[in-house]
Amino acid sequence: MDLKTTYMGIELKNPIIVGASNLVTDVKMAQKLEEAGAAAIVFKSLFEEQIHLEAAELDEDLHEYDERNAEMTSLFPQIEHSGPKAHLMALKSVVDAVSIPVFASLNCLYDVSWVEYAKYLEETGIAGIELNFYPTISENQKSSVQIEQEQLEVLIKVKEALKIPVSVKLSPYYSNTLHVIRNFNDAKADAFVLFNRLFQPDIDIETEALKMPYNLSSKNDNRLSLRYAGLLSGNVKGSICANNGIHDAEDLISVLLAGADAVQIVSTIYKNGLIQVTTMLEDLSVWMKNKGYAKLEDFKGKLSKNSLKEPYAYKRAQYVDYLMKPKEFTKQFQI
């Protein structure tokens, strides 16, 4: 079977991309993922907040004993934190170690930082960069319009500064996500990653304290990205990448039928191991053979909104149908 697809203008040998996580920070692990069949890798996100925190911690450690002994105050001169250098070195190592495309992921706090760090990342030889619009809104001073405009301006500035393709990884929590994507599309985003899996804290009721649980996805989490892939297919110039809840070949095939060009997976590898990449590709090939499809283009987007005769398929038709048949619905669950 021909599993090739195009993502961000780059040909991939298949639609499976390993998403940004700790999985891809190690060179040997990246090589194993390539051997398992991964078509591309998104390196762990570079968060500007983390750089600031590391800088503050390092400065504190370096000067912890400055005032303890007057004779020693000048023994160790101040050392400026290296900032993103360690991240860039690790990224460059992975880029050099594998033959598949490696994409960088970036999240910053300030406009100037987005462009500055994006240029540093480009110098490592990456195939493209993913702007990780992970929201950090915890106050109510900014309007939704202001937030969306700031993100749009970041995309425009980064696109102007770089020669490599630029994608946007989005949250689903905009007032009108499709409108935001339309604006990003007009600004020539090369791909849309749907959607960012936001880390949410939990509370331990015994200790009465916040705790940070593992934030792995489940199979049903792919339905939102599937819906938006179906709505966007054929309506945007950039590639569509489904992210969140893609655990097996069934999930993969579903979002491809909806119109996705590629998927990003992470949680299923943590749960099932590297072999899951190989299994998903093998199962995809078997399904295609059984259906008589020779290549992805034969069925990709077959069930997108633009391809269906039913105009309400991606609206509220199914929900309304459930409301109109309550007895039939509850009978399925023996209620």
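The protein has the name Dihydroorotate dehydrogenase B in an unreviewed UniProt entry, where Saccharicrinis fermentans DSM 9555 = JCM 21142 is given as its organism. Among the UniProt annotations of the protein, the heading Cofactor (unreviewed entry) holds the following wording: "FMN". The annotation that UniProt attaches to the protein under Pathway (unreviewed entry) is "Pyrimidine metabolism; UMP biosynthesis via de novo pathway."

J.: I would appreciate a short explanation of the pairing of strand β13 (residues 262–265) in the present structure.
T.: In regular strands, side chains alternate between the two faces of the sheet. Covered by surrounding structure in β13 are Ala262 and Gln264 together with Val263 and Ile265, the residues of both alternating faces. With three bridges joining them, strand β3 (residues 16–18) and β13 adopt parallel strand pairing. Paired with Ile16 across the two strands is Val263, which belongs to β13. Bridging between strand β12 (residues 239–243) and β13 involves three bridges; their strand directions are parallel. Looking at β13, one finds that Asn243 is bridged to Gln264. Tracing the backbone out of β12, into helix α8 (residues 249–258) and back to the parallel element β13 gives a crossover that is right-handed.

J.: Explain the side chain of Ser171 here, please?
T.: Looking at the secondary structure, you find Ser171 in the loop between β8 (166–170) and α6 (177–186). Classification of Ser171 by relative accessible area gives buried; the value is 5%. A distance of 3.0 Å separates a polar side-chain atom of Ser171 from the backbone nitrogen of Tyr173.

J.: Sorry if this is basic, but what is going on with α6 here?
T.: Because each turn of an α-helix spans 3.6 residues, side chains separated by three or four positions in sequence point in the same direction. For α6, the set of buried residues is Thr177, Val180, Ile181, Phe184 and Asn185. Buried residues of α6, viewed axially, fall in a sector of 140°; they line one side. The inward-facing, buried residues of α6 abut α5 (144–161), β8, β9 (191–194) and α7 (223–232). Once α6 ends, the next one or two residues include Lys188, with phi positive near 70°.

J.: How do you make sense of a nonpolar patch on the surface when you look at a structure like this?
T.: Taken together, the side chains of Phe199, Ile203, Ile205, Leu210 and Met212 present a nonpolar region at the surface, about 580 Å² in accessible area. One can find Met212 in the loop between β11 (209–211) and α7.

J.: Looking at this structure, how should I read the packing of α6 against α7?
T.: To describe two helices that pack against each other, one gives the angle between their axes and the distance between the axes. Across the interface, α6 lies against α7 with an axial gap of 12 Å and an inter-helix angle of 55°. When the interaxial angle is binned, α6 and α7 end up oblique. Crossing of α6 against α7: the hand is right-handed. Between α6 and α7, the residues in contact are Thr177, Leu178 and Ile181 and Tyr228, Leu231 and Leu232, respectively.

J.: How should I be thinking about the pattern of salt bridges in this particular structure?
T.: Two side chains of opposite charge can pair, provided their charged atoms sit close to one another. Here the structure, examined in full by the defined rule, presents nine salt bridges. Measuring nitrogen to oxygen at the nearest pair gives 2.9 Å for the salt bridge that ties Asp248 to Lys219. On the criterion of sequence distance, the pair formed by Asp248 in the loop between β12 and α8 and Lys219 in the loop between β11 and α7 is long-range, its members being 29 residues apart. Its relative accessible area of 30% is what places Lys219 among the partly exposed residues. The salt bridge involving Lys300 is made with Asp261; its shortest N-O contact spans 2.7 Å.

J.: Even after reading the chapter, I still don't get the layout of surface pockets, so can you show me in this structure?
T.: Where empty space is left becomes clear once a probe the size of a water molecule has been rolled over the atoms. Counted as a void, the largest pocket has a volume near 920 Å³. Ala20, Ser21, Arg197, Phe199 and Asn215 are, among the 31 residues lining the largest pocket, the residues nearest its centre. Secondary structure elements with two or more residues in the lining of the largest pocket: β13 and α9 (267–272). Of the residues assigned to the lining of the largest pocket, the class counts are 12 nonpolar, 16 polar and three charged.

J.: I would appreciate a short explanation of the nonpolar core in the present structure.
T.: Burial of nonpolar side chains together is a common tendency in soluble globular proteins. Counting 78 residues, the largest nonpolar core has Ile129 and Phe184 as the members making the most contacts within it. The dominant element in this core, judged by the number of residues it contributes, is α8, at seven residues. Leaving out residues up to four positions away in the same chain, Phe184 has contacts with Phe133, Gln151, Leu152, Leu155, Val168, Leu170, Tyr174, Ala189 and Phe192. Of all hydrophobic cores here, the second largest spans 13 residues; its members include Met8, Ile10, Ala40 and Phe103.

J.: What exactly am I supposed to notice about unusual backbone geometry here?
T.: For the bond from Leu194 to Phe195, the omega torsion is 5°, close enough to zero to count as cis. Turning to its location among the elements, Phe195 is positioned in the loop between β9 and β10 (202–204). Positive phi is not limited to glycine here, since Lys188 has a value of about 70°. Note on placement: Lys188 falls in the loop between α6 and β9.

J.: Looking at this structure, I do not really get the packing of aromatic side chains. What am I missing?
T.: Geometry of an aromatic ring pair is reported as the spacing of the ring centres plus the angle between the planes. Counting across every chain of the model gives eight aromatic pairs. Pairing Tyr7 with Phe103 gives two aromatic rings, centres 5.7 Å apart and planes at 85°, and the pair type is edge-to-face. Here Tyr7 is found in strand β1 (residues 5–7), whereas its partner Phe103 is found in strand β6 (residues 102–107), with 96 residues between them in sequence. The pair formed by Tyr7 and Phe103 is uniform in burial state, with each residue classed as buried. A centroid spacing of 5.1 Å and a plane angle of 90° characterise the contact between Phe195 and Tyr228, whose relative ring orientation is edge-to-face. In this pair, Phe195 sits in the loop between β9 and β10 while Tyr228 sits in helix α7, placing the two residues 33 residues apart along the sequence. Of the two residues examined, Phe195 and Tyr228, each falls in the buried class. An aromatic cluster of at least three residues, connected via ring pairs, comprises Trp114, Phe133 and Phe184. A cation over a ring is seen here: Arg227 above Tyr228, with NZ or CZ 5.6 Å from the ring centre.

Definitions and cut-offs
Residues numbered from 1 in each chain as written. Predicted model: local features only at pLDDT ≥ 70, side-chain atom pairs only at ≥ 80, totals over all residues. Heavy atoms only, no water. UniProt positions renumbered as here; feature names shortened; annotations may be inferred. Buried < 20%, exposed > 50% of the residue type's maximum accessible area, 1.4 Å probe, protein only. Helix = DSSP H or I, 4+ residues; strand = E, 2+ residues; numbered from the N terminus. Pairing = 2+ DSSP bridges. Right-handed = clockwise from strand over helix to strand, strands pointing away. Polar contact = N/O pair within 3.5 Å; in protein donor to acceptor, adjacent residues only side chain to side chain. Arc of directions from axis to C-beta. Contact = heavy atoms within 4.5 Å. Patch = residues over 30% accessible without salt bridge, like charges linked within 9 Å, V, L, I, M, F, W, Y side chains within 5 Å. Areas by Shrake-Rupley, 256 points an atom, 1.4 Å probe, with all protein chains shown as cover. Salt bridge = Lys/Arg side-chain N within 4 Å of Asp/Glu carboxyl O. Axes fitted to C-alpha atoms, helices over the stretch in contact; angles between N-to-C directions. Parallel < 35°, antiparallel > 145°, perpendicular 65-115°, else oblique. Left-handed = near helix turned anticlockwise from the far one by under 90°. 1 Å grid on protein atoms, 1.4 Å probe; cavity = no way out; pocket = protein on both sides within 12 Å on 5 of 7 lines; lining within 4 Å. Points joined across faces, edges and corners; volume = space filled by probe spheres on them. Nonpolar A, V, L, I, M, F, W, Y, C, P; charged D, E, K, R; others polar. Core = buried A, V, L, I, M, F, W, Y, C linked by side-chain atoms within 4.5 Å. Phe/Tyr/Trp six-rings, centres within 6.5 Å; stacked < 30°, edge-to-face > 60°. Lys NZ or Arg CZ within 6 Å of the ring centre and 35° of its normal.

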